[in-house]
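Letter by letter, the chains look like this.
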Amino acid sequence: MAKKIRAVVKVQAQAGKATPAPPIGPALGQHGINIMAFVKEFNERTAPQTGMVIPAEITVFEDRSFTFITKTPPAADLLKRESGVAKGSGTPNRATVGTVSRAKIRAIAELKMQDLNAKDLEGAEKMIEGTARSMGLEVTA
Amino acid sequence: MPDRWLEVSIRATAEAAEALSALFERAGQGGVVIEPELRPGPDVDEVLPTPGAFAMLRTYLPEGQDLVPRRREIENSVGLLRAFDLAPMGDLTFRWIGEEDWANAWKQHYSVQRIGRRWVIKPRWQAFVPGAGDLVLDLDPGMAFGTGLHPTTQLVLECLETLGPAGGGAGRLAGQDVLDLGTGSGILSLAAARLGAGSVLALDVDEVAVAAATENAAQNGLADVVSVRRATLGEPINGVVTVPGLDLVAAFDGAFANIVARVIAERAPALERALRPGAWLIASGIIAEREAEAAVPLAAQGFTTERRLQQGDWVTFLCRKEPAGPLSGAAPTVQEA
């Protein structure tokens, strides 16, 4: 039977390593969700992606049961991993912190296509490229 | 974990939310929470964004020495965004919260539940009059896993009802020594004790779980049967070792491992050693897509799967260690280093 939705909550957590600490604990606790049940399920589902930050969109129903879907990691995290830099530039217009190849931009765009509001792959690539530049990453051929 | 956290909230449109969430990601602890404002849709299970697509954004700052600079960074950056005339956003609000504020909120919605044919999970703070044949587990899980609400726990309890002689009822585990690896709230240890187990050793590496399971055993009058220890089985994990001074080789007639696929796989050799010939093992907490990750190592240790149960995405195995007999020991087993 269809259940009435109480709220939708979006969080991000380390794959396989979510804990009941803030922000997850308070975010879910205030809706009456059993926090440990979410943590266990999130960690089990995301264990293969350990090392990445994974966004989750949790739907909370009136009876306090919940379902959730996981999304692809944030573009900035994927770019950091691909380019090997630990942190983006604070002044991206002046200081670059690394490079990322166009092929890698395309690979990230393909991975994130399902979660991006892009018409086609080319549009998705432009979005990822924009994120790269805003972090101080130079896009190479 | 700090005792108190400063919750930072702001209401903003989708446009401003992008920039604000990047700020909260950077300055807050553990990231940002975004909760879109919703209105009912045409169907009961459908919701739509409110006009303007507003959302509430939250992040948390732990009490401590860098709280003031982190709070200032957030306030300054929000001021800058406002100066850029970024799409509408509300004012920043701050409030202190403690673990008790969120950890217990779900309890209001936790009520007496029936699992399988005879199990009744009764929250400690609720009254319940048991019927004939009911097996009641009085529980306050606190922040430990094992409320009985999760399919993994429910599957184990259902599985337990089929163990032992048919019609064995409450005495179906009479006199057995049982191991509960990763006990959480202690729910499965209590269940084994209710079914007549002579002794239950409940292990967990998490202090919160050990405290909850100890209290639950006492509250159910089962403290003389259920022994709760902060320990593991096999290789140490996060500095937690096996139970000192206890010989855990061929020591149990049955075991629960309601954890996750990876840990079951990793602990399969130690479980095999801890169990007596012919003993049962209920392995649970296995998500269907990773079933093989647990099933293959269990089979490699000589466990045969007698039952496979599934609820939603979750799978539980009832396994059996090879019985003693003229051929026992003939099959090669992998021993833990």
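Summarised in this report is the structure supplied together with it. Note that this is a predicted model, so its numbers are computed, not measured.

Below, the discussion takes up the nonpolar core. With 43 residues, the main nonpolar core has V11, I24, L28, F38, F42, I58 and L79 of chain A as its most contacted residues. Looking at this core element by element, the count peaks at five residues for helix α2 (residues 35-46) of chain A. Filtering out sequence-adjacent residues up to four positions away, F38 of chain A remains in contact with V11, I24, L28, A56, I58, F66 and F68 of chain A. Residues L137, V156, L157 and W280 of chain B belong to the second largest nonpolar core, which totals 40 residues.

Attention shifts here to the layout of surface pockets. If you add up the space inside the second largest pocket, you get close to 1300 Å³. As for the second largest pocket, its lining consists of 47 residues, of which M36 and N43 of chain A together with V205, D206 and I259 of chain B are closest to the centre. Counting residues per element, the ones that place at least two in the lining of the second largest pocket are α2 of chain A together with β10 (177-181), α5 (187-194), β11 (199-204), α6 (207-219) and α7 (261-274) of chain B. Its residues assigned to classes, the lining of the second largest pocket comprises 23 nonpolar, 12 polar and 12 charged.

This next bit is on the side chain of Q176 of chain B. Here Q176 of chain B is to be found in the loop between α4 (151-160) and β10. A distance of 2.8 Å separates polar atoms of two side chains, one belonging to Q176 of chain B and the other to W280 of chain B.

Here we take up α4 of chain B. The element α4 of chain B is extensively covered by neighbouring structure, given that nine of its 10 residues are classed as buried. Along α4 of chain B, the residues classified as buried are P151, T152, T153, Q154, L155, V156, L157, C159 and L160 of chain B.

Our next topic: the interface of chain B and chain A. Contacts between chain B and chain A engage 41 residues on the former and 33 residues on the latter. When chain B packs against chain A, close to 3100 Å² is buried across both sides, 63% of that on carbon and sulfur atoms. The tally of links between chain B and chain A comes to two salt bridges. For R45 of chain A, the salt bridge is made with D313 of chain B, and the minimal N-O distance between the two is 2.8 Å. When residues of the side of chain B that touches chain A are assigned to their parent elements, the largest contribution, four residues, is made by strand β2 (residues 33-36) of chain B. Split by residue class, the side of chain B that touches chain A holds 24 nonpolar, nine polar and eight charged.

Attention now moves to the sheet that holds β10 of chain B. Residue and element names in this part refer to chain B. Strand order in the open sheet made by the seven strands is β12-β11-β10-β13-β14-β16-β15, with mixed pairing throughout. The sheet terminates laterally at β12 (226-230) and β15 (304-311), the two strands that pair on one side only. The mean inter-strand angle of the sheet, taken between neighbouring strand axes irrespective of direction, is 15°. Across six bridges, strand β13 (residues 252-258) lies against strand β14 (residues 275-287) in parallel orientation. Looking at the pairing, A255 lines up with L281 of β14. Together, β11 and β12 form the strand contacts of α6, whose direction differs from that of β12 by roughly 165°.

With the exception of glycine, most residues fall at negative phi, and the peptide bonds are largely trans. Backbone torsion omega between P22 of chain A and P23 of chain A reads 5°, so that peptide bond is classified as cis. Examined against the element boundaries, P23 of chain A turns out to sit in the loop between β1 (5-14) and α1 (24-29). The phi dihedral of R64 of chain A falls on the positive side, at around 75°, and the residue is not glycine. Of note in the backbone geometry, A250 of chain B takes a positive phi value of approximately 45° without being a glycine.

With that settled, the discussion passes to the sheet that holds strand β9 (residues 135-139) of chain B. Backbone hydrogen bonds are what pair the strands of a sheet, in a parallel or an antiparallel way. Residue and element names in this part refer to chain B. With mixed pairing, the three strands of this open sheet are ordered in space as β7-β8-β9. Strands at the two margins of the open sheet, each flanked by one partner only, are β7 (113-115) and β9. Strand after strand, the sheet turns through a mean of 25° between neighbouring axes, direction not considered. The sheet contact formed by strand β8 (residues 119-123) and β9 spans five bridges and is parallel. For P123, the partnering residue across the bridge sits in β9 and is L139.

Here the idea is plain: a probe the size of a water molecule rolls over the atoms and shows the empty space left. For the structure on display, the rule yields one cavity of 30 Å³ or more. Empty space within the largest cavity amounts to approximately 40 Å³. In terms of lining, the largest cavity is formed by N34 and M36 of chain A together with A144, F145, G146, T147, H150 and T153 of chain B. Each residue belonging to the lining of the largest cavity can be placed in one class, and the counts come to three nonpolar, five polar and no charged.

Time to look at the environment of V53 of chain A. All names here are of chain A. Mapped onto the elements, V53 comes out in strand β2 (residues 53-61). Distance from V53 to Q14, taken between C-alpha atoms, is 4.5 Å for residues 39 residues apart in sequence. V53 has contacts with Q12, A13, Q14, P73, P74 and D77, leaving out every residue within four places of it along the chain.

About the criteria used
- Residues numbered from 1 in each chain as written.
- Chains lettered and ligands numbered in written order.
- Predicted model: local features only at pLDDT ≥ 70, side-chain atom pairs only at ≥ 80, totals over all residues.
- Heavy atoms only, no water.
- Core = buried A, V, L, I, M, F, W, Y, C linked by side-chain atoms within 4.5 Å.
- Buried < 20%, exposed > 50% of the residue type's maximum accessible area, 1.4 Å probe, protein only.
- Helix = DSSP H or I, 4+ residues; strand = E, 2+ residues; numbered from the N terminus.
- Contact = heavy atoms within 4.5 Å.
- 1 Å grid on protein atoms, 1.4 Å probe; cavity = no way out; pocket = protein on both sides within 12 Å on 5 of 7 lines; lining within 4 Å.
- Points joined across faces, edges and corners; volume = space filled by probe spheres on them.
- Nonpolar A, V, L, I, M, F, W, Y, C, P; charged D, E, K, R; others polar.
- Polar contact = N/O pair within 3.5 Å; in protein donor to acceptor, adjacent residues only side chain to side chain.
- Buried area = accessible area lost by both parts, 1.4 Å probe.
- Salt bridge = Lys/Arg side-chain N within 4 Å of Asp/Glu carboxyl O.
- Pairing = 2+ DSSP bridges.
- Axes fitted to C-alpha atoms, helices over the stretch in contact; angles between N-to-C directions.

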